[in-house]
Amino acid sequence: MLSVQVAELTGEPLKGVNEALDLVTGFDDALVNGFARLGEERAAALTALAGAMAATPVGGRLGEAAGKVAAGSVAEEHVTALAGGRTALLGAVHDALLGSLDAAIGRTRASWEEPPVTAESDNLLSGCRSWLSELAITGWRGVDHDLAAAVDQTMEALLAEPRLRRLAVLLDGLATELRASSPVAAMEKVPARRWADLWARALLLTQAGGLPPAAGEPVSGRLLPLGVDVHEHATAVQAQVHAIFEPADGGPCRLVRTSVAAMKVDTIVGTAVWRLLTGSPVLLKALANHLSLDIKDMPLLNSGDLVWHDDRAALGDLADPFATARIQLGGALAPAVPPLDRHPVRIAEPVLVEGYTVPKGEEVVFDLDGARLTVDVERLPTCGPLTPELVRGSESCIGLVRWDGGRWLLQPLAVQGTVKKKPVTAHNGDWAEGATDPKVAKAEARNGDAVAVLRERAGRLLRK
Amino acid sequence: MNADRTAWEERSVARVVSPVRPRKLAKVPFVEMADGRLQGVVSSGSDIERVYVSSIAAGTLTYNCSTNNNRPCGGLYGDPCKHLRSLVDEAVLQYGLERVAGYLKAEVPENGSLIYSIQGGVERSQGAAVFSRFLRHLAYLELPAASGPLPELHWFPSGVS
């Protein structure tokens, strides 16, 4: 990213974004107190959100839902309509933000092609919907241990169904936070935006046709990793690799993501999470050693996600991600975003930033000739070598441009720099095959292999 | 309401639950603060097939320890047994002293040890519920694998603090 690009991105606020977010904040506040106890002001917030969407295809339903809920009649269909309205509004905010990012960095993006959707519903999904409706009626402030745990049985069945894993991972994450925060009435402040986000997405995923099929087109070619973004909550971990894909048939280079994930427990943390992903040894080896990958007939979804099949990948040559970013990132075609995924939280655009200084101060900021980009150093995964100090001392950075809490942020995936006059390079995926830092490896050895210990216990105790 | 507070409430990736600290799991594979108790499972030192279910109630600081077959722990008279001691030690490693003491509503003198505050005496309780929670916990590692991206995990970045 150049100075002018950062300046363009972080300059004037986008028209309409703040107004839209104010409507979302009003909705979220209503959800804090619960749809059953709205009061005039919060009912007006729902009506305002519906009013702003009046001219859209969901306008009619939304207006009706806001009216009914304000009048005290809270049915599941109305709650769902309102969640849909909030989602659509944040979708528009996402589009505006991503559009301005693409314009600032000159990125070309493919347009979305809707795959055929099969609508199916079952008892499991309706069980989830009831819990989510109950949460909306009660409001976050009314959540206690019993309501937080009311989803437990449904959750168990949901987890056993790989087809519904997206929903299961989301609901389990939300339920864990609610359980840990119960009784929520005693919390000093409530993460209103976050919980409303998770709640609304979950409610949409439980609709018939809410979980889109993931078929995709088989593709072959060379994959050049740029970096890996790690996602994690108590019971799930996902390593999402951002890469440049060079199709074997000579088509244009594309920006793609590929993810490997596993279910886990809260005590498997830090470098141990990589041991859960050893089912993809080729990918982990490529990450740890900065190698390219040759892939054959790997399904590529319209969303730009390669559905990883480790047995369809072979290790290639050494490929320095910084060289890939310098030479190929600028011209690569970015993928479209699936309609349901359009939310500012999903914006994660890989960029290369160089030639910055890092002014002293509490926040880590990259200063490019006066244009400033805040670095999100809370987002450095514990399973990799990046630290705030390394980022502060860096000279080049491959990162993801993100947006949260009303501003643009850079999430580092890899840095190059000089520490104590020695050149240092660190990538998030460097420890994918085990920590290479002797101090970290020693701590790891002292704690033993958490995954192996728990698997042994499971083997001995679960099948009795 | 100050600006920072508003900002936190309007963040999509606000951190709500702190990740636990890594620790050695061999002796105490499972610790949790749930249902008003600090509870967990301690592997027997002598019999690889046997585990003990240990728990301490928040507030009253009463405690119990039994095998997974609900036989009372032989070491439990007067003071907390070695399993309960291990449970407390590992809970402090996992969550930090402040969180554990706060949850139990136990007062710990400065530079003191939490275990000496656990003086509520023995109160028999069913270990079966804790043991089944442990089994449910272990079952996460045996779930069938799923392929494809999990876009919702963008709300859950890995990171410190």
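So, how was this worked out
All residue numbers refer to positions counted from 1 along the written sequence of the respective chain. Whichever chain is written first becomes A and whichever ligand is written first becomes 1, with later ones labelled in order. Where totals are concerned, whole chains, interfaces and linings use all residues; where local detail is concerned, this predicted model gives features only for residues with pLDDT of at least 70, and gives and counts side-chain atom pairs only at 80 or more. In computing side-chain properties, one takes all heavy atoms of the structure into account and sets aside hydrogens as well as water. Working definition: helices are DSSP H or I runs of at least four residues, strands are E runs of at least two. Numbering for both runs from the N terminus. Think of it in three bands: residues with accessible area under 20% of the maximum for their type are buried, residues over 50% are exposed, and the middle band is partly exposed, with areas taken using a 1.4 Å probe on protein chains only. We call two residues in contact when some of their heavy atoms are within 4.5 Å. For the accessible areas, the method is Shrake-Rupley and the probe is 1.4 Å, while residue cover comes only from the protein chains on display. Neither His nor the chain ends contribute to the count of charged residues, in which Lys and Arg are positive and Asp and Glu negative. Charged side chains are reduced to one point each, which is NZ for Lys, CZ for Arg, CG for Asp and CD for Glu. By arc we mean the arc of the directions from the helix axis to the C-beta atoms, nothing more. Computed with a 1.4 Å rolling probe, the buried area is the accessible surface lost when two parts are put together, summed over both parts. Criterion for a salt bridge: a side-chain nitrogen of Lys or Arg within 4 Å of a carboxyl oxygen of Asp or Glu. Here a polar contact means two N or O atoms within 3.5 Å. Within protein one must be a hydrogen donor candidate and the other an acceptor candidate, and residues neighboring in sequence count only if both atoms are side-chain atoms. Only the six-membered ring of Trp is used, alongside the rings of Phe and Tyr, when aromatic pairs are assigned; centres must lie within 6.5 Å, and planes under 30 degrees apart are stacked while those over 60 apart are edge-to-face, with the rest tilted. By definition, being over a ring means that NZ of Lys or CZ of Arg is both within 6 Å of the ring centre and within 35 degrees of the ring normal. When DSSP finds two or more bridges between a pair of strands, those strands are recorded as paired. Only C-alpha atoms enter the line fits that serve as axes; for helices the fit covers just the stretch in contact. Angles between N-to-C directions range over 0 to 180 degrees. Buried residues of nine kinds, namely Ala, Val, Leu, Ile, Met, Phe, Trp, Tyr and Cys, make up a nonpolar core once their side-chain atoms join them within 4.5 Å. Throughout the structure description, domain borders are defined by an automatic or database domain assignment. The nonpolar class holds Ala, Val, Leu, Ile, Met, Phe, Trp, Tyr, Cys and Pro. Asp, Glu, Lys and Arg form the charged class, and all remaining residues, Gly among them, are polar. Angles are sorted into four bins: roughly parallel if under 35 degrees, roughly antiparallel if over 145, roughly perpendicular if 65 to 115, and oblique for all others. Note on convention: the crossing is left-handed when the near helix lies turned anticlockwise from the far helix by less than a right angle, right-handed when the turn is clockwise.

1. Digging into the overall build of chain A
Here's step 1: A tally of helices and strands in chain A yields 15 helices and 12 strands.
Here's step 2: Across its three principal axes, chain A shows a C-alpha extent of roughly 65 × 65 × 50 Å.
Here's step 3: Within chain A, the fraction of its 464 residues that count as buried is 56%.
Here's step 4: The contacts in chain A between residues at least 6 apart in sequence include a share of 68% that link residues at least 24 apart.
Here's step 5: Of the roughly 18,500 Å² of accessible surface on chain A, 53% is carried by carbon and sulfur atoms.
Here's step 6: The distance from the centre of the 46 positive side-chain charges to the centre of the 58 negative ones in chain A is 5 Å.

2. Overview of helix α8 (residues 152–159) of chain A
Here's step 1: For α8(A), the complete set of buried residues consists of A:D152, A:T154, A:M155, A:L158 and A:L159. Viewed end-on, α8(A) has its buried residues packed into an arc of 155 degrees, placing them on one side of the element.
Here's step 2: Those residues of α8(A) that are buried lie in contact with α6 (123–138), α7 (145–149), α9 (165–181) and β3 (254–263) of chain A together with α4 (128–139) of chain B.

3. Overview of the interface of chain A and chain B
Here's step 1: Contacts between chain A and chain B engage 81 residues on the former and 55 residues on the latter.
Here's step 2: Here chain A meets chain B over a buried area of about 6,500 Å², counting both sides, of which 62% is carbon and sulfur.
Here's step 3: Between chain A and chain B we count 6 salt bridges in total.
Here's step 4: We note a salt bridge from B:E49 to A:R460, for which the minimum N-O separation is 3.2 Å.
Here's step 5: Linking chain A to chain B there are 27 residue pairs in polar contact (both at pLDDT 80 or more).
Here's step 6: Here the side of chain A that touches chain B gets 11 residues from one element, more than from any other, and that element is α9(A).

4. Quick look at the packing of aromatic side chains
Here's step 1: Following the criterion strictly, the structure yields 7 aromatic pairs over all chains and no others.
Here's step 2: Members of the aromatic cluster, connected to one another through ring pairs, are A:F27, A:F35 and A:W199.
Here's step 3: For A:R194, the ring lying beneath its charged end belongs to B:F156, and the centroid distance is 4.8 Å.

5. Quick notes on the sheet that holds strand β3 (residues 51–57) of chain B
Residues and elements named next belong to chain B.
Here's step 1: The strand order across the open sheet formed by 4 strands is β1-β2-β3-β4, and the pairing between neighbours is antiparallel. Each edge of the open sheet is held by one strand with a lone partner, namely β1 (30–34) and β4 (63–67). Averaged over all neighbouring strand pairs, the angle between strand axes comes to 15 degrees, with direction disregarded.
Here's step 2: The pairing of strand β2 (residues 37–43) with β3 spans 7 bridges and is classified as antiparallel. Residue pairing across strands places R37 opposite A57, the latter belonging to β3.

6. Some details on the environment of A:V117
Here's step 1: With respect to the helices and strands, A:V117 occurs in the loop between α5 (76–105) and α6.
Here's step 2: For the pair A:V117 and A:T154, spaced 37 residues apart in sequence, the C-alpha separation works out to 25 Å.

7. Description of the nonpolar core
Here's step 1: One finds A:F35, A:W131, A:L135, A:W140, A:W199, A:I268 and A:W274 to be the most contacted residues of the largest nonpolar core, which totals 154 residues.
Here's step 2: Broken down by element, this core gets its largest block of residues, 12 residues, from α5(A).
Here's step 3: Those residues in contact with A:W199, other than ones at most four positions away along the chain, are A:F27, A:L31, A:V79, A:A83, A:L132, A:L135, A:A136, A:W140 and A:L174.
Here's step 4: In terms of nonpolar packing, the next biggest core, distinct from the first, is built from 27 residues, B:V31, B:Y63, B:L87 and B:A91 among them.

8. Notes on the pattern of salt bridges
Between side chains of opposite charge, a pair can form as their charged atoms come close.
Here's step 1: Under the criterion given, the structure shown has 36 salt bridges over all chains.
Here's step 2: A:R109 is the partner of A:D102 in a salt bridge, and the nearest nitrogen-oxygen pair spans 2.6 Å.
Here's step 3: Judged by relative accessible area, A:D102 falls into the buried class, the value being 10%.
Here's step 4: Across the pair B:R23 and B:E90 runs a salt bridge whose closest N-O atoms are separated by 3.0 Å. Here B:E90 lies in helix α2 (residues 82–95) and B:R23 lies in the loop between α1 (3–9) and β1, a separation of 67 residues in the sequence.
Here's step 5: Accessibility expressed as a relative area gives 4% for B:R23, which makes it buried.

9. Some details on the domain arrangement of chain A
Residues and elements named next belong to chain A.
Here's step 1: When its domains are assigned, chain A resolves into domain 1 (1–106), domain 2 (118–211), domain 3 (217–329) and domain 4 (342–427).
Here's step 2: Taking only C-alpha atoms, the centre of domain 1 and the centre of domain 2 are 20 Å apart.
Here's step 3: Contacts between domain 1 and domain 2 engage 21 residues on the former and 19 residues on the latter.
Here's step 4: Roughly 1,600 Å² is buried in total at the junction of domain 1 and domain 2, and carbon and sulfur atoms are behind 64% of that figure.
Here's step 5: Taken as a group, L31, V32 and E76 account for 34% of the area that domain 1 buries against domain 2, more than any other trio of residues on that side.
Here's step 6: Put simply, domain 1 and domain 2 have 3 salt bridges between them.
Here's step 7: Its salt-bridge partner being R86, residue D197 comes within 2.9 Å of it at the nearest N-O pair.
Here's step 8: The interface formed by domain 1 and domain 2 includes 12 residue pairs in polar contact (both at pLDDT 80 or more).
Here's step 9: Of all elements in the fold, only α2 (17–33) and α5 reach the threshold of two or more residues within the side of domain 1 that touches domain 2.
Here's step 10: Partitioned by chemical class, the residues of the side of domain 1 that touches domain 2 number 11 nonpolar, 6 polar and 4 charged.

10. Remarks on the packing of helix α15 (residues 450–461) of chain A against α4(B)
Here's step 1: Two elements in contact, α15(A) and α4(B), have axes separated by 10 Å at closest approach and are oriented at 120 degrees. Here α4(B) runs oblique to α15(A), going by the angle between their axes. Seen along the crossing, α15(A) lies across α4(B) with a hand that is left-handed. In contact with A:L454, A:R457, A:A458 and A:L461 of α15(A), α4(B) contributes B:F131, B:F134, B:L135 and B:L138.
Here's step 2: Grouping the amino acids of the contact of α15(A) with α4(B) by side-chain chemistry returns 7 nonpolar, no polar and 1 charged.

11. Observations concerning unusual backbone geometry
All names here are of chain A.
Here's step 1: S182 connects to P183 through a cis peptide bond whose omega is -10 degrees.
Here's step 2: Within the secondary structure, P183 is located in the loop between α9 and α10 (192–205).
Here's step 3: In this structure, H290 takes a positive phi of about 55 degrees despite not being glycine.
Here's step 4: The backbone phi angle of K420 is positive, close to 50 degrees, even though this residue is not glycine.
Here's step 5: Position of K420 relative to the elements: it lies in the loop between β11 (407–419) and β12 (422–427).

12. Side note on the side chain of A:D229
Here's step 1: Locating A:D229 in the fold gives a position in strand β1 (residues 217–233).
Here's step 2: Engagement of the side chain of A:D229 in a polar contact is seen with the side chain of A:Q411, the distance being 2.8 Å.
Here's step 3: The residues touching A:D229, leaving out its near neighbours within four places in the chain, are A:Q238, A:A239, A:Q240, A:H242, A:L400, A:R402, A:Q411, A:L413 and B:H154.

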